[in-house]
Amino acid sequence: MEPITEQILERFETLAPNVRIYQLDPYFAHASIYAEHDKLWLSCSQRGTVRLEYIDLAADTKAQLILSAERVPVELIGHPSITGLLVYVAERIVPDLDDRFHEDSDIIRAKQSETYQKLIAGETDVLSVIHKLEPHILDPQ
Amino acid sequence: MIEQILERFKTLAPETEVYRWNSYVVYASISGKRDSLWLSCYKRGTIRLEYLDNCGETEAELILSPERTLAELAGSHEMTGLLIYVAQRIVPDLEDQFCLDPDVIYAKRSETYQALTGGATDVLSVIHEFEKTNYNF
């Protein structure tokens, strides 16, 4: 496993008490935080791509953030209440985020969400956010 | 552009399914008996191809940036050969940077890629062949 991947996984482990880590093969490392039904899924690929997905009960991806190896957001999709969670997590686990990450309009919008603001203020945590989001069907805006 | 990619993807196998998740992501898949080849087209222009096993786990992955350069190529030699073959057939205007990427060049040397380009096999047959060697129950 690449040292950078190990570092990301170690940081991910600190976000919740029930983090599971999977090293499927030399190409992928995955980690997850499960609530009752939904889960937050982290994938680190061999070139350094990092992907965060929020997956619901029906196994549908409700929100997704893909970071390139240069730590630039390639994609950010989903409702702001979930993308706020993904951006919060990315900021905590991925070292050396590029300036383009912070200047990206979708990232800025996600940071304006109540979810992100409450996480930053310490009024909630990652697992609680997933529990709170679980019963809701949120369509992206 | 997405429509064009989907139309091309549909020509690769007789039973291609297209799912429009919302205005930001469109998915399409070619399924074997257990495994599937999964295409995702994202709002910013990113294209993702995944080879999923019977558990829905990603066994191989290719991510193309909106600029049509390679952002990610992971997986076994033979599976990446399949992904590169498909990407070349569905994504217009691949950058020279893509074609010159060492991982892409290596994937093209695979038996799978060579058989596909030589017309000795097709995408669905390749998935069926991979299934025979995947026993992730």
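Calculation criteria
- Residues numbered from 1 in each chain as written.
- Chains lettered and ligands numbered in written order.
- Predicted model: local features only at pLDDT ≥ 70, side-chain atom pairs only at ≥ 80, totals over all residues.
- Helix = DSSP H or I, 4+ residues; strand = E, 2+ residues; numbered from the N terminus.
- Rg over C-alpha atoms; globule rule 2.2 N^0.38 Å.
- Buried ≥ 20, exposed ≤ 12 C-beta atoms within 10 Å, placed from the backbone.
- Contact = placed C-beta atoms within 7 Å.
- Pairing = 2+ DSSP bridges.
- Axes fitted to C-alpha atoms, helices over the stretch in contact; angles between N-to-C directions.
- Core = buried A, V, L, I, M, F, W, Y, C linked by C-beta atoms within 7 Å.
- pLDDT = per-residue confidence, 0-100.
- Nonpolar A, V, L, I, M, F, W, Y, C, P; charged D, E, K, R; others polar.

## Remarks on the overall build of chain A
Across its full length, chain A holds 6 helices and 6 strands. Whereas a compact globule of 141 residues would reach a radius of gyration of roughly 14 Å, chain A reaches 14 Å, a difference of no more than 12%. Taken along its principal axes, the extent of the C-alpha atoms in chain A is 35 × 35 × 25 Å. The buried share of chain A, taken over its 141 residues, is 41%. For chain A, contacts bridging at least 24 residues in sequence account for 48% of all contacts bridging at least 6.

## Quick look at the overall build of chain B
Of the regular secondary structure elements, chain B holds 6 helices and 6 strands. Element order for chain B, N to C, with α for helix and β for strand: α-β-β-β-β-β-β-α-α-α-α-α. For chain B, the C-alpha radius of gyration of 14 Å lies close to 14 Å, the compact-globule estimate for 137 residues. Dimensions of chain B, computed from the C-alpha atoms along their principal axes, are close to 35 × 35 × 25 Å. In chain B, once contacts between residues fewer than 6 apart in sequence are set aside, the share between residues at least 24 apart is 47%.

## Focus: the sheet that holds strand 4 (residues 47-52) of chain B
Paired through backbone hydrogen bonds, the strands of a sheet run either parallel or antiparallel to each other. Residue and element names in this part refer to chain B. The 6 strands lie next to each other as 1-2-3-4-5-6, forming an open sheet whose pairing is antiparallel. Where the open sheet ends on each side, the last strands, each with one partner, are strand 1 (16-20) and strand 6 (70-74). Between one strand and the next, the sheet's axes are offset by a mean angle of 15°, whatever the strand orientation. For strand 4 and strand 5 (residues 58-64), the ladder comprises 6 bridges, and the chain directions are antiparallel. Bridging from a neighbouring strand, Leu52 pairs with Thr58 of strand 5.

## Some thoughts on the nonpolar core
A general feature of soluble globular proteins is that nonpolar side chains tend to end up buried together. One finds Leu86, Val89 and Ala90 of chain A together with Leu83, Val86 and Ala87 of chain B to be the most contacted residues of the largest nonpolar core, which totals 76 residues. Leu83 of chain B has contacts with Leu49, Tyr51, Ala60 and Leu62 of chain B, leaving out every residue within four places of it along the chain.

## Considerations on the confidence of the model for chain A
It should be kept in mind that the predicted coordinates are not to be read in detail where pLDDT is low. Of the residues in chain A, 94% reach a pLDDT of 70 or more, and the chain-wide mean stands at 89. Ranking the elements of chain A by mean pLDDT puts strand 1 (residues 19-25) of chain A last, at 84, and helix 5 (residues 114-120) of chain A first, at 97.

## Brief notes about the interface of chain B and chain A
Facing 17 residues of chain B, the contacting portion of chain A comprises 15 residues. Taken together, the elements giving at least two residues each to the side of chain B that touches chain A come down to strand 5 and strand 6 of chain B. Grouping the amino acids of the side of chain B that touches chain A by side-chain chemistry returns 6 nonpolar, 6 polar and 5 charged.

## Topic: the environment of Tyr22 of chain A
Residue and element names in this part refer to chain A. Following the sequence through the fold, Tyr22 ends up in strand 1. Measuring from C-alpha to C-alpha, the distance between Tyr22 and Ser32 comes to 8.5 Å, with 10 residues separating the pair along the chain. With near-sequence residues (within four places) excluded, Tyr22 lies in contact with His30 and Ala31.

## Concerning the environment of Leu76 of chain A
All names here are of chain A. Considering the arrangement of structural elements, one finds Leu76 in strand 6 (residues 73-77). What makes Leu76 buried here is the crowd of 27 C-beta atoms within 10 Å. When the C-alpha atoms of Leu76 and Gln64 are compared, they prove to be 5.7 Å apart, with 12 residues separating the residues in sequence. Among residues more than four places away in sequence, those in contact with Leu76 are Leu65, Thr83, Asp106, Ile107 and Ala110.

## Side note on the confidence of the model for chain B
Residues and elements named next belong to chain B. In this model, chain B carries a mean pLDDT of 91, and residues with pLDDT of at least 70 account for 97%. At the low end of the mean pLDDT range in chain B sits helix 3 (residues 96-99), at 88; at the high end sits helix 5 (residues 111-117), at 98. What the predictor reports for the complex is a pTM of 0.85 with an ipTM of 0.76.

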